[in-house]
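Spelled out, the chains give:
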Amino acid sequence: MTEVTATTPISTDPSRRARLAEFWYYFSENRGAVIGLIFFLFLVLLAICAPLIAPHDPTIQYREAVLLPPFWQEGGRAAFLLGTDAVGRDMLSRLIYGTRFSLFVGVIVTTLSLVGGILIGVIAGYFRGWVDTVIMRIMDIILAFPSLLLALVLVAVLGPGLTNAMIAIALVFQPHFVRLTRAAVMTEKTRDYVVAAKVAGAGHLRLMFKTILPNCMAPLIVQATLSFSSAILDAAALGFLGMGAQPPTPEWGTMLAEAREFILRAWWVVTLPGLAILATVLAINLMGDGLRDALDPKLKRS
Amino acid sequence: MFRFLLGRLAVLIPTFIGVSIIAFSFIRLLPGDPVALLSGERVMSPERHAEISHQLGFDRPIVVQYLDYLWGVLQGDFGLSIVTKRPVIDQFLELFPATVELSLCAIIFAVVVGIPAGVIAAIKRGSIFDQIIMGTALVGFSMPIFWWGLLLIIVVSGILQWTPVSGRISLMFFFPSVTGFMLIDSLLSGQEGAFQSAFSHLVLPTIVLGTIPLAVIARQTRSAMLEVLSEDYVRTARAKGLSTFRVVGIHALRNAMIPVVTTIGLQIGVMLAGAILTETIFSWPGIGKWMVDSVFRRDYAVIQGGLLIIAGVIMLVNLAVDLLYGLINPRIRH
């Protein structure tokens, strides 16, 4: 406990430190969430230090070592711990570099959809009236399409690639943040403290972003972790369909797409990238459950 | 109830118009010349271009073009496929039953396994059962289903050789499509082994498509159940000395089901997104695979029409779920 409060920036506001301590108390009670957090930090480290850790360059093709099994199987070599793929690239190095792409996708998509969603949602919930109606109808239109299908078609329009995939996924995720923000702003708006700030002469911008918004963050943070993991899944799915990151990028979904024809011959080229996706998404979802328990008092007992 | 329906429609109609505008402008947003894209002809003389442009109506004002398009859509005209030159709606109707069959099986699988799993986890809260069930559910919820499908193919089709790898039925069988549902058609055909073949083709895609809904339903059932189990009337029922089975099965489950029904309804959109991946992996001839293939063939007329039809279907299903929910739970009508 003391370590945590020590590492957080020293705040003059005692209630803030108390809140953080309380948050950590509930979060750390959830064993799964702590395991998820540790694994996630490990992945971040892996992504940052990829060039130092990876034994080979992820795009170098070793022509004499095509489709080698992992080292513990017959025919495996210690130089390629997890074997090689169909053109002789080291699986372990590609998996390590893949961490970079997945985490990057998660960060960018979540930031884009969170910031955009908050802006639009606050405006809709604060001003109501026709602004609200127009915004919510547009969100309904986006939500009327299956998210992956819309993302797929958007990428087809914009051109295949990781950047366009991220833009498409962020656009598809945005309505969830808009709805959550709008609902939270609408309930907070009539509270006494907001009315008081208004009477004290606070302008629209100050009311929206300084008075109301900080009190709406809890559900948004939970949704952000959820969309972080969904973004990784969807980007991998687009990569798998050939519309995300393009070969030879060591993105996990793209690696799976390249490995499809070898499923009955070389289990490791198919199993390992998928396992990496699953482990990453699972760790983030575990953290998300912990965050929800710690931030949402209504759900604390379940 | 009638006013509730009207209110729903008042939201639905503008949304549908918006969806149609997106589908309409889609072809015009694409890089390249829409006339060349829609006619599928790569090189053409200016005269030919003007002729096709006139044929397709591209020389008219954009608003007139849109209204014309919308009028066609309302009469069921979604254009012709560039590749096959057949009406998009015909192709859709031909492939849709395969997706419906797969989705229905997947949702049944998810409900039949998910609800009991959630109930057991809630009753045995904190026990090893609860931990195993909820752990498994979280893994299922985090599953990249395209990989899960490949994994099942490796183990079940490859190593164990229990099920075929792709398609809806073995090529040995041929019979007329009566309902479009292979399970029913194969029974009606009376051919020996046809039903077994159709069934074994369906098993893996059902599991793959049902995995995420199953996990969501199990988690939702558990938390709804926990909520209800702490209510006063459940305590009263227990105090009366009723057996756990009666308390849970009759008193608690019925009320816990209300949020679960909504969750099931919400899974339908998720299903159609999942069908894109599942159908691609198993070469299942449904609308998900159709859309992916059309994206790769650059069949923009199909993408445009398909987007609109699929969005329309989802909106109608959501309306049906809303109405059903309004019937079960009168409180939300107001």
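Remember, it's a predicted structure, so these values are computed and weren't measured experimentally.

A. Up close: the environment of Pro146 of chain A. In this fold, Pro146 of chain A is placed in the loop between helix H6 (129-143) and helix H7 (147-158). C-alpha separation for the pair Pro146 of chain A and Gln223 of chain A, spaced 77 residues apart in sequence, amounts to 19 Å. Those residues in contact with Pro146 of chain A that sit more than four places away from it in its chain are Gly269, Leu272, Ala273, Ile310 and Ile314 of chain B.

B. Structural view of the packing of helix H12 (residues 252-259) of chain A against helix H13 (residues 267-295) of chain A. Residue and element names in this part refer to chain A. Running from amino to carboxyl end, H12 crosses H13 at an angle of 160°, the nearest separation of the two axes being 9 Å. For the element pair H12 / H13, the angle class is roughly antiparallel. Here H12 runs over H13; the crossing is left-handed. Across the interface between the two elements, Trp252, Met255, Leu256 and Ala259 from H12 touch Val269, Val270, Pro273, Gly274, Ala276 and Ile277 from H13.

C. The interface of chain A and chain B, seen in detail. Contacts between chain A and chain B engage 35 residues on the former and 39 residues on the latter. No other element matches the 10 residues that H13 of chain A contributes to the side of chain A that touches chain B. The class makeup of the residues in the side of chain A that touches chain B is 26 nonpolar, six polar and three charged.

D. Representation of the nonpolar core within the structure. Judged by nonpolar contacts, the single largest core of 170 residues is most densely connected at Leu149, Ala151, Leu152 and Ile169 of chain A. With 17 residues, the top contributor of residues to this core is helix H9 (residues 194-229) of chain B. Those residues within four positions of Leu152 of chain A in sequence are excluded, and the remaining contacts are Leu238, Leu241 and Met243 of chain A together with Ile276 and Val295 of chain B.

E. Highlighting unusual backbone geometry. The peptide bond linking Pro247 of chain A to Pro248 of chain A adopts the cis configuration, its omega dihedral lying at 5°. In this structure, Leu67 of chain A takes a positive phi of about 50° despite not being glycine. Take Leu67 of chain A: it is sitting in the loop between helix H4 (50-53) and helix H5 (91-127). One non-glycine residue, Ser283 of chain B, adopts positive backbone phi at about 50°.

F. Spatial organisation of H7 of chain A. Over its 12 residues, H7 of chain A runs 16 Å from end to end, which matches the ideal 16 Å to within 8%, given 1.5 Å per residue. Within H7 of chain A the residues assigned to the buried category are Ser147, Leu148, Leu149, Leu150, Ala151, Leu152, Val153, Leu154, Val155 and Ala156 of chain A. Its buried side turned inward, H7 of chain A meets helix H8 (162-189) and helix H11 (217-240) of chain A together with helix H11 (244-282), helix H12 (287-297) and helix H13 (300-328) of chain B. Where H7 of chain A terminates, the next one or two residues include Gly159 of chain A, which has phi positive at roughly 105°.

Scoring rules and cut-offs
- Residues numbered from 1 in each chain as written.
- Chains lettered and ligands numbered in written order.
- Predicted model: local features only at pLDDT ≥ 70, side-chain atom pairs only at ≥ 80, totals over all residues.
- Helix = DSSP H or I, 4+ residues; strand = E, 2+ residues; numbered from the N terminus.
- Contact = placed C-beta atoms within 7 Å.
- Axes fitted to C-alpha atoms, helices over the stretch in contact; angles between N-to-C directions.
- Parallel < 35°, antiparallel > 145°, perpendicular 65-115°, else oblique.
- Left-handed = near helix turned anticlockwise from the far one by under 90°.
- Nonpolar A, V, L, I, M, F, W, Y, C, P; charged D, E, K, R; others polar.
- Core = buried A, V, L, I, M, F, W, Y, C linked by C-beta atoms within 7 Å.
- Buried ≥ 20, exposed ≤ 12 C-beta atoms within 10 Å, placed from the backbone.
- Expected span 1.5 Å × (residues − 1).

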